[in-house]
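# Remarks on the overall topology
Listed here are the chains, written in short residue letters.
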Amino acid sequence: MKTRTAKKFFLVALVGIFSFTGCALSTMKKMAKDQQLTVTPSPLEVHADTVRFELSANLPVKMLKPGKVYQLNTFYTYGTQERQLKTIEFREVDYPNAGTEQPKKTETYAFPFVEGMERGNLLVQGRALNPKNGNYLETERLGIADGVITTSRLVQSSYYASYAPHGYNDQEELIPTNVEFYFDQGKSVFKTSEKNSDRGERFAAFIAEKNVTRTVTITGTHSPEGRETFNSELSQERAAAIEKWYREKMDQYDYKGMADQIRFILKPIVQDWNGLKSMLASYDGITAAQKAEWTNIINGAGSFEQKEKQLQKLSTYNKVFKDIYPKLRTAKTEVLTVKPKKSREEIATLATQIANGSASASALSLEELLYAAANNPSLTEKQKIYEAAAKKSDTYVVHNNLGAVHLQLAMQTSGREMTNHVRTALNHFNISNQKQANVYAQANIGMALAMQGNLWGAHDALTKAAGMNPSNEVSQGINGAKGAVEIKVGRYDLAIGSLNRATNRSVDQFNKGLVQLLRKDFRNAQSTLESVISSDRGYVVAHYAAAVAAARQDNENKVIEHLRNAISADASLRAKAANDLEFRQYTGSQAFLDLLK
């Protein structure tokens, strides 16, 4: 009898426990309807291919029960897909004041974005759980945020192929030819012995070649002995004597109208000590102390003639007069002739023939080959010329520029073809850098890595290139590419700095406007994007981004204007605008609805 009574009591107690447990869970479920949930941002946003948000939950006072757990299970659903996110748990033991204060908790969430998530729902479902026996009660799923804003994905890739200088000077170059003729003391007669000397004959032969000549500069000088200083025109007369002989030779060799194109410059040098001082410095006919006597007088006080009279009193004067003074009685002639060069057309023709194997590589210098490649508008022909140049001399310039061609070809292709061009380009850039570290190859490596999707690798390479003192043009190309990469990895703080130093190309200015928009600098974003549209009306995505900037500023007229222009140019943007949560506040606007018809 006692045993039955005991069993009956146990069953009653067990039922009571279950009833209490069930009652507690039911109460928690019922009270969950008053929970306060906040999602930031709402709608969700994707940045750097990741959707990040915060979920803050405040539970009602007295909702938590001893020994029970309240869970908030979070899901993102889109189409037929669902992604379960992490769970927030509340335990009564962690909130000792839950009877008088609201239990609060904030969690950060992140999940990778995939296409199709633009339109979806962030849902939560409460669960009151008894962890001892696993019993639970669940609330209905509650939608707390709608969809994902994808404005950051409007970023446009920016690539710039950096070519190293070809090294060829296609401008007029002047070649100096120098000769020096000597005169007797106190005379300006151009002696026959000087004309018939090796110097005279070589110079006459040079004149006979009838090179295209720009200037003939003749500098007449004199030695400093007293008698010469009395003839102030001696230096001028010596220079004039050489000019007269030169003109006679031009008549002899029938220069005709060519002579009129030559400018003669006569430069008489009078009472100048520089020639003597220079020759004394290298003269070994007297001692250093004796040289000092000369330089002290020359650098001292007194007129030219007074100094000359002091020099004549030196014991070494006659020796110096004999060895050095005759060399100061000269007329130094410098002729600047135009360096013969092939025409641009001739270089282009020969380069094509070399590339095709119908002409010898020796027909052009390496610099001429590189020049021809640089000026050839066809990438395929440019590639062949650079390949021919590589066979001639595989310098860092050749490898970089050949890689740059493949980089440009990659920009124009897709799929496997693009992949192969990028791989080939990277190989050449690495070889170029191995031969000589250079900013062009380093910048191009960054571009190629960006094309491969290696964004942080690209960023490292581009940052290194930016620190290698590139030219302004290359620097702007680097900053454009770097800014695009920084937007893609979500570093808008870095991107704005890079894009402020980028090119004026539409792609770089568009990305600048986009990053201003993403940084919530809406007014400047609108201005930048409007500038892109003004200079390049065919840049359709700028219209779309400008519509977003206008929506962020509640400017419906601008939204409609820019969307109309965007959709007129690209009909596929109609569906994008219809699903874009940037325009959610206009779904009730008739003008917006008419635009989407």
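Residues numbered from 1 in each chain as written. Predicted model: local features only at pLDDT ≥ 70, side-chain atom pairs only at ≥ 80, totals over all residues. Heavy atoms only, no water.

### Some points on helix α11 (residues 344-356)
Under the convention used in this document: Helix and strand assignments follow DSSP, with helices taken as H or I runs no shorter than four residues and strands as E runs no shorter than two, numbered in order from the N terminus. Expected span of a helix: the number of residues minus one, times 1.5 Å. Any residue under 20% of the maximum accessible area for its type is buried, any over 50% is exposed, and the rest in between are partly exposed; the area is computed with a 1.4 Å probe on protein chains only. The arc in question is traced by the directions running from the helix axis to the C-beta atoms.
In this model, α11 (13 residues) spans 18 Å end to end at C-alpha, consistent with the 18 Å of a helix rising 1.5 Å per residue. All of the buried residues along α11 are I347, L350, A351 and I354. For α11, the buried positions fall inside an angular range of 105 degrees around the axis, keeping them on one side. Exposed and facing more than 90 degrees away from the buried side of α11 are E345 and N356. Positioned one or two residues after α11, G357 has a phi angle of 85 degrees, which is positive.

### Thoughts on helix α17 (residues 455-466)
To be explicit about the condition: Note on definitions: a residue-residue contact is assigned when non-hydrogen atoms from the two residues lie within 4.5 Å.
Here α17 spans 16 Å end to end across 12 residues, near enough to the 16 Å set by a 1.5 Å rise per residue. Among the residues of α17, those classed as buried are L455, G457, A458, H459, A461, L462 and A465. In the core, the buried residues of α17 are packed alongside α16 (439-451), α18 (472-488) and α19 (492-499).

### Brief notes about the nonpolar core
Note the following rule: In plain words, nonpolar cores are sets of buried Ala, Val, Leu, Ile, Met, Phe, Trp, Tyr and Cys residues tied together by side-chain atoms within 4.5 Å.
Counting residues in hydrophobic clusters, the biggest one holds 54 residues, and the most contacted among them are L364, L369, L370 and L407. Of all the secondary structure elements, the ones that give two or more residues to this core are α11, α12 (366-374), α13 (379-392), α14 (396-411), α15 (415-435), α16, α17 and α18. The element that contributes the greatest number of residues to this core is α16, accounting for 10 residues. L364 has contacts with K342, I347, L350, A351, I354, L369 and K392, leaving out every residue within four places of it along the chain. Grouped together as the second largest cluster of nonpolar side chains are 42 residues, I487, A549, A550 and L573 included.

### Remarks on the confidence of the model for the protein
To be explicit about the condition: Scored from 0 to 100, pLDDT reflects the predictor's confidence in each residue.
Per-chain confidence: the protein averages 93 in pLDDT, with 95% of residues scoring 70 or above. Under a pLDDT of 50 for its full length, residues 1-20 has, in the predicted model, 1 contact with residues more than four places off or in other chains.

### With respect to the layout of surface pockets
Inclusion rule: Think of a 1 Å grid over the protein atoms and nothing else: a 1.4 Å probe that fits but is trapped marks a cavity, an open set flanked by protein within 12 Å on at least five of seven lines marks a pocket, and residues with an atom within 4 Å of a point count as lining. Grid points are joined across faces, edges and corners, and a volume is the space filled by probe spheres set on the points. Any residue that is not Ala, Val, Leu, Ile, Met, Phe, Trp, Tyr, Cys, Pro, Asp, Glu, Lys or Arg is counted as polar, Gly included; the first ten are nonpolar and the last four charged.
There is about 240 Å³ of room inside the largest pocket. Broken down by secondary-structure element, the contributors of at least two residues to the lining of the largest pocket are α6 (274-282), α10 (325-328) and β15 (330-338). If you tally residues by element for the lining of the largest pocket, the top one is α6, at 3 residues. Split into classes, the residues belonging to the lining of the largest pocket amount to 7 nonpolar, 6 polar and 4 charged.

### Thoughts on the packing of α17 against α18
Spelled out, the test is: In this analysis an axis means a line fitted to C-alpha atoms, helices contributing only their contacting stretch, and an angle means the value between N-to-C directions, from 0 to 180 degrees. To sort the angles, those under 35 degrees are grouped as roughly parallel, those over 145 as roughly antiparallel, those from 65 to 115 as roughly perpendicular, and the leftovers as oblique. In this scheme the crossing of two helices becomes right-handed for a clockwise turn of the near helix relative to the far one and left-handed for an anticlockwise turn of less than a right angle.
Running from N to C, α17 and α18 cross one another at 150 degrees; their axes reach a closest spacing of 10 Å. Here α17 lies roughly antiparallel to α18, going by the angle between them. Judged by the twist between their axes, the crossing of α17 over α18 is left-handed. Between α17 and α18, the residues in contact are L455, A458, H459, L462, T463, A465 and A466 and I478, A481, K482, V485, E486 and K488, respectively. For the contact of α17 with α18, the residue count by class is 8 nonpolar, 2 polar and 3 charged.

### Focus on the sheet that holds strand β14 (residues 263-268)
Stated precisely, the cut-off is as follows: The pairing criterion for strands is at least two bridges between them, as found by DSSP.
The strand order β12-β15-β13-β14 describes an open sheet built from 4 strands, whose pairing is mixed. Of all the strands in the sheet, the pair left with one neighbour each is β12 (174-182) and β14. The mean inter-strand angle of the sheet, taken between neighbouring strand axes irrespective of direction, is 15 degrees. Of the pairings in the sheet, the one linking strand β13 (residues 213-220) to β14 comprises 6 bridges and is parallel in character. Opposite T215, over in β14, you have R263 as the bridge partner. Running at roughly 145 degrees to β12, helix α3 (residues 198-208) makes contact with β12 and β15 of the sheet. Here helix α5 (residues 234-252) sits on the sheet in contact with β12, β13, β14 and β15, set at roughly 155 degrees to β14.

### Some thoughts on the pattern of salt bridges
Keep this limit in mind: Any Lys or Arg side-chain nitrogen located within 4 Å of an Asp or Glu carboxyl oxygen qualifies as a salt bridge.
Within the structure shown, the criterion is met by 26 salt bridges. The salt bridge involving D254 is made with K256; its shortest N-O contact spans 3.8 Å. Connected via shared salt-bridge partners are D49, E115 and R153.

### Here we look at the environment of A24
Relative to the elements of secondary structure, A24 occurs in helix α1 (residues 2-31). In this structure A24 comes out as buried when scored by relative accessible area, which is 8%. For the pair A24 and N504, spaced 480 residues apart in sequence, the C-alpha to C-alpha distance is 67 Å. In this view, A24 contacts K65 and K68; residues no more than four positions away in its chain are not counted.

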